Amino acid sequence: MSLNHIRPWRNIYRRESRQIMVGNVPVGGGAPISVQTMTNTDSSDVRATLDQVIRAADAGADIVRVSAPDEGATKALKEICRESPVPIVADIHFHYKRAIEAAEAGAACLRINPGNIGDEKRVQEVIKAAKDHGCSIRIGVNAGSLEKHLLDKYGEPCPDAMVESGMDHIKILQDNDFHEFKISVKASDVFMASAAYQQLSEATDAPIHLGITEAGGLTSGTIKSAIGMGQLLWAGIGDTIRVSLSADPVEEVKVGYEILKSLGLRHRGVNIISCPSCARQGFDVIKTVETLEKRLEHIKTPMSLSIIGCVVNGPGEALMTDVGWTGGGAGSGMVYLAGKQSHKQSNDDMVEHIVEQVEKKASEIAAKMAAEDAAAE
């Protein structure tokens, strides 16, 4: 990201890493942090899986992972990869032959777990398939499935064991002249994952995939992921992320983007700034924001909207947003455009009016961005 010399406390200095490609998506090396999710359909069901992939992509997913547990799944993967709008990562566990089949089917990346993929000879066969078919690889270390010799050595899952597992596997890839890989060291324990990622970031220049695994349901998992990944991203660690929730994959994408947006690392769609509401509110803030979040999901242009219930903080917040609404009295509110007071509007049709103003502003911003891109070419 560009550094802010006026507000240096906003600067994030991203860790330097080399860049790999996951299909047509660059990962690491200063590329935008990509957002991933994973399907939860029966992978052998092509239509159901593709529908979920497409919904996730529409929500902003850059990359989607699909589990490949059996031959039926890898056979279906060929059509899924061919029709998917985003690169597909094949999730491989236990049987190395599934990885070979996934590479042949067109997967952009193979996710393998050192703890259960098999011995070095099997990994070498996976590497050959990846080379032959232009796949990258993600080394996916998980605290819940570490190799037995590391558990014997350390006594329990811990950051040192996780990083050692990852580095051992990196050595196998590098010894076989394979360098198109990224790595993750996930744990459901926020402390363990954070410590492991910090240690890993100093041990390799490979791109890092962030995640708090098995984080939980929508609310609890969002909080754990925001705490764990947020502070790592703030420290500049992470080149791609996945929020692991017991929820619709689309929700994972939304949460991932919100985490990145809150740190200024990615910008997509409408960033709504709203108050928690109180007795001073001039309209039902909570219901209005809930409605607007759904009504504005279709907008992908990065922009900001403030929805504030009263004049205590409303005008100040509106100064910093593209469109703003501040609650007033007598059943009306004040509309702000580009930080300036514009006009009053009745609360009765405020949602429709705000949507109209946001869509108009989004079109203006998109046109300006397109013009700037054209001028830069």
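From a predicted model like this one, the values you see are computed outputs, not experimental measurements.

Attention now goes to helix 6 (residues 159-175). Between its first and last C-alpha, helix 6 extends 24 Å over 17 residues, near the 24 Å set by a 1.5 Å rise per residue. All of the buried residues in helix 6 are A161, M162, V163, S165, G166, H169, I170, I172 and L173. Directly beyond the C-terminal end of helix 6, a positive phi value near 55° is found at D177.

Ordered by their spatial adjacency, eight strands build an open sheet running 8-7-6-5-4-3-10-9, and the pairing between neighbours is parallel. Both edges of this open sheet fall to strand 8 (181-186) and strand 9 (209-210), since each of them pairs with a single strand only. Sheet topology note: the strand 3 (residues 34-38)/strand 4 (residues 63-67) ladder contains three bridges and is parallel. Looking at the pairing, Q36 lines up with I63 of strand 4. Its contacts with the sheet place helix 2 (residues 71-83) against strand 4 and strand 5 (88-92), and it is angled at close to 170° to strand 5.

The phi dihedral of D177 falls on the positive side, at around 55°, and the residue is not glycine. Within the secondary structure, D177 sits in the loop between helix 6 and strand 8. On the basis of relative accessibility, which here comes to 54%, the residue D177 falls in the exposed class. Positioned with a positive phi, S277 is a non-glycine residue whose angle comes to about 80°. Topologically, S277 is positioned in the loop between strand 11 (270-274) and helix 10 (285-295). The partly exposed category is assigned to S277, whose relative accessible area is 26%.

The next subject is the sheet that holds strand 13 (residues 323-327). Strand pairing in a sheet is mediated by backbone hydrogen bonds. Such pairs are either parallel or antiparallel. In spatial order, the strands read 11-12-13-14-15; together these five strands make up an open sheet with mixed pairing. Strands with a single pairing partner mark the edges of an open sheet, and in this sheet they are strand 11 and strand 15 (340-346). The mean inter-strand angle of the sheet, taken between neighbouring strand axes irrespective of direction, is 20°. Pairing between strand 14 (residues 332-337) and strand 15: six bridges, direction antiparallel. Bridge pairing in strand 15 places M334 opposite K344.

Taking 1.5 Å of rise per residue, 14 residues should cover 20 Å, and helix 7 (residues 190-203) covers 20 Å from first to last C-alpha, within 8% of that figure. All of the buried residues in helix 7 are V190, M192, A193, S194, A196, Y197, L200 and S201. Those residues of helix 7 hidden inside the fold are in contact with helix 6, strand 8, strand 9 and helix 8 (218-234). Capping the start of helix 7, D189 holds a side-chain oxygen 2.9 Å from the backbone nitrogen of F191, two or three residues further along.

Applying the stated criterion across every chain, the model contains zero aromatic pairs. The residue whose ring lies beneath R18 is F181, and the NZ or CZ to ring-centre distance is 4.5 Å. Note that R268 overlies the ring of Y257, its terminal NZ or CZ placed 5.7 Å from the centroid.

Time to look at the pattern of salt bridges. In total, this model carries 20 salt bridges according to the counting rule given. The residue D248 makes a salt bridge to R55 at a minimum N-O spacing of 3.0 Å. One end of the pair, D248, is in the loop between strand 10 (240-242) and helix 9 (249-262); the other, R55, is in helix 1 (residues 46-59), with 193 residues separating them in the sequence. Among the residues examined, D248 registers a relative accessible area of 30% and is labelled partly exposed. For R55, a relative accessible area of 38% corresponds to the partly exposed category. Between D175 and K171 there is a salt bridge, with its nearest N and O atoms 2.7 Å apart. Here D175 and its partner K171 are both found in helix 6, four residues apart, which amounts to about one turn of the helix. Via salt bridges that share partners, R14, R15 and D239 belong to a single interconnected network.

A full pass over the atoms with the stated rule returns zero disulfides. Not part of a disulfide, C135 finds its nearest cysteine sulfur in C109, a span of 7.6 Å.

The next subject is the side chain of K182. When you line up the elements, K182 lands in strand 8. Buried and unpaired, K182 has D239 as its nearest opposite-charge partner, separated by 9.5 Å. Setting aside residues no more than four positions away along its own chain, K182 makes contact with I20, V22, V27, Q36, C109, I137, R138, I139, P207 and T240.

In globular proteins that are soluble, nonpolar side chains generally tend to be buried together. Ranked by internal contacts, the top residues of the largest apolar core, which has 80 residues, are L77, L110, I137, M162, L210 and L233. Look past the residues within four positions of L110 in its chain and what remains in contact with it is A90, A99, A102, A103, V126, A130, C135, S136, I137 and R138. Counting 20 residues, the second largest nonpolar core, distinct from the first, contains L305, W325, V335 and A362.

On to a negative patch on the surface. On the surface, a cluster of negative charge is made up of D42, D45, D70 and E71. Take D70: it is sitting in the loop between strand 4 and helix 2. On the basis of relative accessible area, D70 is assigned to the partly exposed category, the value being 37%.

Definitions and limits used
- Residues numbered from 1 in each chain as written.
- Predicted model: local features only at pLDDT ≥ 70, side-chain atom pairs only at ≥ 80, totals over all residues.
- Heavy atoms only, no water.
- Helix = DSSP H or I, 4+ residues; strand = E, 2+ residues; numbered from the N terminus.
- Expected span 1.5 Å × (residues − 1).
- Buried < 20%, exposed > 50% of the residue type's maximum accessible area, 1.4 Å probe, protein only.
- Pairing = 2+ DSSP bridges.
- Contact = heavy atoms within 4.5 Å.
- Axes fitted to C-alpha atoms, helices over the stretch in contact; angles between N-to-C directions.
- Polar contact = N/O pair within 3.5 Å; in protein donor to acceptor, adjacent residues only side chain to side chain.
- Phe/Tyr/Trp six-rings, centres within 6.5 Å; stacked < 30°, edge-to-face > 60°.
- Lys NZ or Arg CZ within 6 Å of the ring centre and 35° of its normal.
- Salt bridge = Lys/Arg side-chain N within 4 Å of Asp/Glu carboxyl O.
- Disulfide = S-S within 2.5 Å.
- Lys, Arg positive; Asp, Glu negative; His and termini not counted.
- Core = buried A, V, L, I, M, F, W, Y, C linked by side-chain atoms within 4.5 Å.
- Patch = residues over 30% accessible without salt bridge, like charges linked within 9 Å, V, L, I, M, F, W, Y side chains within 5 Å.
- Areas by Shrake-Rupley, 256 points an atom, 1.4 Å probe, with all protein chains shown as cover.
- Charge placed at Lys NZ, Arg CZ, Asp CG, Glu CD.

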